Amino acid sequence: MVEVQDDSGRSGFADAHISPGSSLETRDGGWAFLLRHAQAAIGRDIDDVMADLLGDFEQSKVATTSFVTALEVLRKHPMLVLDHDSVHPLLTPVNSLEARDIEQELEQAIAEGFKTFKVKVGKDVDADLARVAVIQRATAGKATLRLDANRAYSRAQALAFAQGLNPEGIELFEQPCEADEWEANGAVAAVSPVPLMLDEPICTLDDITRAGDMPGVGYCKLKLKRFGGLDRLRAGMDAVRAHGMQPVLGDGLGSETHAWLEACVARHTLDNAGEFNGFLKPHSRLFENPLPFAQGTITLPAGYWPKLDLPTVERLTAESVTFR
């Protein structure tokens, strides 16, 4: 989490989550990056600070995003200013493994208003296909599914899974192979009966262009934390559509702060279920005025602006450094 204040008393905050293993970024590296740039920012023009941060974007994308976005919040970026109510549906994961438990879980989630479900695959092809079939039967005519292998399949496994898949009710198949295995993911996309979505490889406009040239890739998933700020994220969302694909947005490991930021971008750029549901998973929320959520949707009322619950933030903080 980064908090910033300027000499006129305006303040802003943002955060982002470094997920070990999903990229070369580390938490220690991101922390060191922020300390270095925070100290260098004191007394300098905001535009210059943002330019320096984005100039070092490749060193630590998530850390850069948290700092740049905090500055965008300080400036009350136009995408964050709500002049009318905004409602956006979220997806939710399917956690159960046994058929009876799956049916009960889905029945409850549908009653709670969810209409899109994420199904994790990637462990065992036959078992994955069998579980997906159970979920398809339970959601038929009621909801759509997104399948996510989260980079866990080998090329051969991913091909076998795709070729054995019944496409009924399935919106997309996400990231079957490792992020840097573009050829393997492309081979799966070419045979998959549902559109493929790339996730971890999508960090720049060049990545989006490359994905758009791959037959069978119909979606790109973008996350604010990988794009360096609100403006850059919106440019990425627009680029996905310009290359004939559909964008999906959201970090399922993001905090309440990150969900607010992504939801504000989504209201301008997204027409499918958001994946910015990470704030529903922890026991504690970060805002005094919690992000409004009901019936499977985030509802942002006109004029909404979050305020940090400082006692909660302090309780959850492991380490802090202040530069003045």
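Structural notes, computed from the coordinates.

**A look at the overall build of the protein chain**
So, point 1. If you tally the helices and strands in the protein chain, you get 11 helices and 12 strands.
So, point 2. Sorting the 324 residues of the protein chain into buried and exposed places 54% on the buried side.
So, point 3. Restricting the contact set of the protein chain to residue pairs at least 6 apart, pairs at least 24 apart contribute 69%.
So, point 4. Only carbon and sulfur atoms are counted for the fraction: they give 50% of the accessible area of the protein chain, which is about 15,000 Å².
So, point 5. Of the side-chain charges in the protein chain, 32 are positive and 48 negative, and the distance between the mean point of each set is 2 Å.

**Here's the deal with the packing of helix H6 (residues 155-163) against helix H7 (residues 182-191)**
So, point 1. Packing of H6 against H7 brings their axes to within 9 Å, and their N-to-C directions diverge by 15 degrees. By the angle between their directions, the pair H6 and H7 is classed as roughly parallel. By crossing handedness, the relation of H6 to H7 is classed as right-handed. Between H6 and H7, the contacting residues are Arg155, Ala158, Leu159, Ala162 and Gln163 on the first element and Glu183, Ala184, Ala187, Val188 and Val191 on the second.
So, point 2. Partitioning the contact of H6 with H7 into residue classes produces 7 nonpolar, 1 polar and 2 charged.

**Focus: the layout of surface pockets**
A water-sized probe, rolled over the atoms, reveals where empty space remains.
So, point 1. Looking at the second largest pocket, its volume works out to about 1,000 Å³.
So, point 2. Around the second largest pocket, the lining comprises 45 residues; the ones closest to its centre are Ser19, Ser22, Asp199, Glu200 and Lys223.
So, point 3. Looking at the lining of the second largest pocket, the elements that each hand over two or more residues are helix H3 (61-74), strand S4 (92-93) and strand S5 (116-120).
So, point 4. Its residues assigned to classes, the lining of the second largest pocket shows 13 nonpolar, 13 polar and 19 charged.

**Details of the side chain of glutamate 275**
So, point 1. Considering the arrangement of structural elements, one finds glutamate 275 in the loop between helix H10 (256-269) and strand S11 (293-294).
So, point 2. Judged by its relative accessible area of 2%, glutamate 275 falls in the buried class.
So, point 3. Contact partners of glutamate 275, with chain neighbours within four places excluded, come to Leu91, Lys118, Arg146, Glu174, Met197, Lys221, Val248, Leu249, Gly250, Asp251 and Gly252.

**Topic: the sheet that holds strand S12 (residues 297-300)**
So, point 1. The antiparallel open sheet is built from 3 strands, whose spatial order is S3-S12-S11. Of all strands in the sheet, those with a lone pairing partner are strand S3 (86-89) and S11, marking the two edges.
So, point 2. Two elements, S3 and S12, share 4 bridges in a ladder whose sense is antiparallel. Residue pairing across strands places proline 89 opposite threonine 297, the latter belonging to S12.

**Quick word on unusual backbone geometry**
So, point 1. For asparagine 150, which is not glycine, the phi dihedral falls at a positive 50 degrees.
So, point 2. Using a relative accessible area of 35% as the deciding quantity, one classes asparagine 150 as partly exposed.
So, point 3. Of note in this structure, glutamine 295 is not a glycine but carries a positive phi near 50 degrees.
So, point 4. Among the secondary structure elements, glutamine 295 is positioned in the loop between S11 and S12.

**Quick look at the pattern of salt bridges**
So, point 1. Tallied over the full model, the rule gives 22 salt bridges.
So, point 2. Of the charged contacts in the structure, one is a salt bridge between aspartate 52 and arginine 44, with a shortest N-O distance of 2.8 Å.
So, point 3. Judged by relative accessible area, which is 36%, arginine 44 ranks as partly exposed.
So, point 4. Across the pair arginine 155 and glutamate 183 runs a salt bridge whose closest N-O atoms are separated by 4.0 Å. Highlighted residues: arginine 155 in helix H6 and glutamate 183 in helix H7, separated in sequence by 28 residues.
So, point 5. A residue is classified by how much of its surface remains accessible, and arginine 155, at 38% relative accessible area, is partly exposed.
So, point 6. Members of the salt-bridge network, linked through shared partners, are Lys118, Lys120, Arg146, Asp148, Glu171, Glu174, Asp199, Lys221, Lys223, Arg226 and Glu275.

**Examining the packing of aromatic side chains**
So, point 1. Evaluation of the coordinates by the stated rule reveals 7 aromatic pairs.
So, point 2. Each ring, one from phenylalanine 13 and one from phenylalanine 287, has its centre 6.2 Å from the other, and the planes form 70 degrees; the classification is edge-to-face. Highlighted residues: phenylalanine 13 in strand S2 (residues 11-14) and phenylalanine 287 in the loop between H10 and S11, separated in sequence by 274 residues.
So, point 3. With 5.5 Å between their ring centres and 35 degrees between their planes, tyrosine 153 and phenylalanine 161 make a pair best called tilted.
So, point 4. Counting every residue linked through ring pairs, the aromatic cluster contains Phe13, Trp260, Phe287 and Trp305.
So, point 5. The ring of tryptophan 305 has lysine 76 sitting right over it, with the charged end atom 3.5 Å from the ring centre.
So, point 6. The lysine or arginine in question, arginine 232, covers the ring of phenylalanine 57, its NZ or CZ lying 4.6 Å from the ring centre.

**Quick notes on helix H4 (residues 99-111)**
Owing to its 3.6 residues per turn, the α-helix aligns residues three or four sequence positions apart on the same side.
So, point 1. Here H4 contains 13 residues, and its C-alpha end-to-end distance of 18 Å stays within 8% of the 18 Å for a straight helix at 1.5 Å per residue.
So, point 2. Lining the buried residues of H4 we find S4, S5 and helix H5 (125-139).
So, point 3. The positive-phi residue at the C-terminal boundary of H4 is glycine 113, with phi of around 105 degrees.

**Things to note about the sheet that holds strand S6 (residues 144-148)**
So, point 1. Pairing within the open sheet is parallel, and its 7 strands lie in the order S4-S5-S6-S7-S8-S9-S10. Of all the strands in the sheet, just S4 and strand S10 (246-249) have a single pairing partner and so form its edges.
So, point 2. As defined by bridge partners, S5 adjoins S6 across 5 bridges and the pair is classed as parallel. Across the sheet, residue phenylalanine 117 finds its bridge partner in S6, namely leucine 145.
So, point 3. Lying on the sheet, helix H9 (residues 230-242) is in contact with strand S9 (217-222) and S10; it crosses S10 at an angle near 145 degrees.

Cut-offs and rules
By convention here, each chain's residues receive numbers from 1 onward along its written sequence. Reporting of local features is limited, given that this is a predicted model, to residues whose pLDDT is at least 70; pairs of side-chain atoms are given and counted only at 80 or more, and all residues count toward the totals for whole chains, interfaces and linings. The side-chain values count all of the structure's non-hydrogen atoms but skip hydrogen atoms and water molecules. Here a strand is any run of E in DSSP of at least two residues, a helix any run of H or I of at least four, and the numbering for each starts at the N terminus. Any residue under 20% of the maximum accessible area for its type is buried, any over 50% is exposed, and the rest in between are partly exposed; the area is computed with a 1.4 Å probe on protein chains only. By definition in these notes, contact holds between two residues if any of their heavy atoms fall within 4.5 Å. Residue burial considers only the protein chains on display, and all accessible areas are found by Shrake-Rupley using a 1.4 Å probe. When charges are counted, neither His nor the chain ends are considered; positive counts come from Lys and Arg and negative counts from Asp and Glu. We put the charge of a Lys on NZ, of an Arg on CZ, of an Asp on CG and of a Glu on CD. Here, axes are lines fitted to C-alpha atoms. For helices the fit covers the stretch in contact, and angles between N-to-C directions go from 0 to 180 degrees. Angular relationships are summarised with four words: roughly parallel below 35 degrees, roughly antiparallel beyond 145, roughly perpendicular across 65 to 115, and oblique for the angles in between. By the definition used in this description, the sense in which the near helix is turned from the far one sets the handedness, with an anticlockwise turn below a right angle giving left-handed and a clockwise turn giving right-handed. Any residue outside Ala, Val, Leu, Ile, Met, Phe, Trp, Tyr, Cys, Pro, Asp, Glu, Lys and Arg is labelled polar, Gly included; the first ten of those are nonpolar and the last four are charged. Site definitions follow a grid-based scheme: protein atoms alone, a 1 Å grid, a 1.4 Å probe that fits but cannot get out for cavities, and for pockets an open set with protein on both sides within 12 Å along at least five of seven lines, plus lining residues having an atom within 4 Å of a point. Grid points are joined across faces, edges and corners, and a volume is the space filled by probe spheres set on the points. A pair of strands is considered paired only if DSSP assigns at least 2 bridges between the two. By definition here, a salt bridge exists when the distance from a side-chain nitrogen of Lys or Arg to a carboxyl oxygen of Asp or Glu is within 4 Å. Pairing of aromatic side chains here covers Phe, Tyr and the six-membered ring of Trp, requires ring centres within 6.5 Å, and sorts the geometry by plane angle: under 30 degrees stacked, over 60 edge-to-face, intermediate tilted. Look at NZ for Lys and CZ for Arg. If either is within 6 Å of the ring centre and within 35 degrees of the ring normal, a charge sits over the ring. For a helix, the expected span equals 1.5 Å multiplied by the number of residues minus one.

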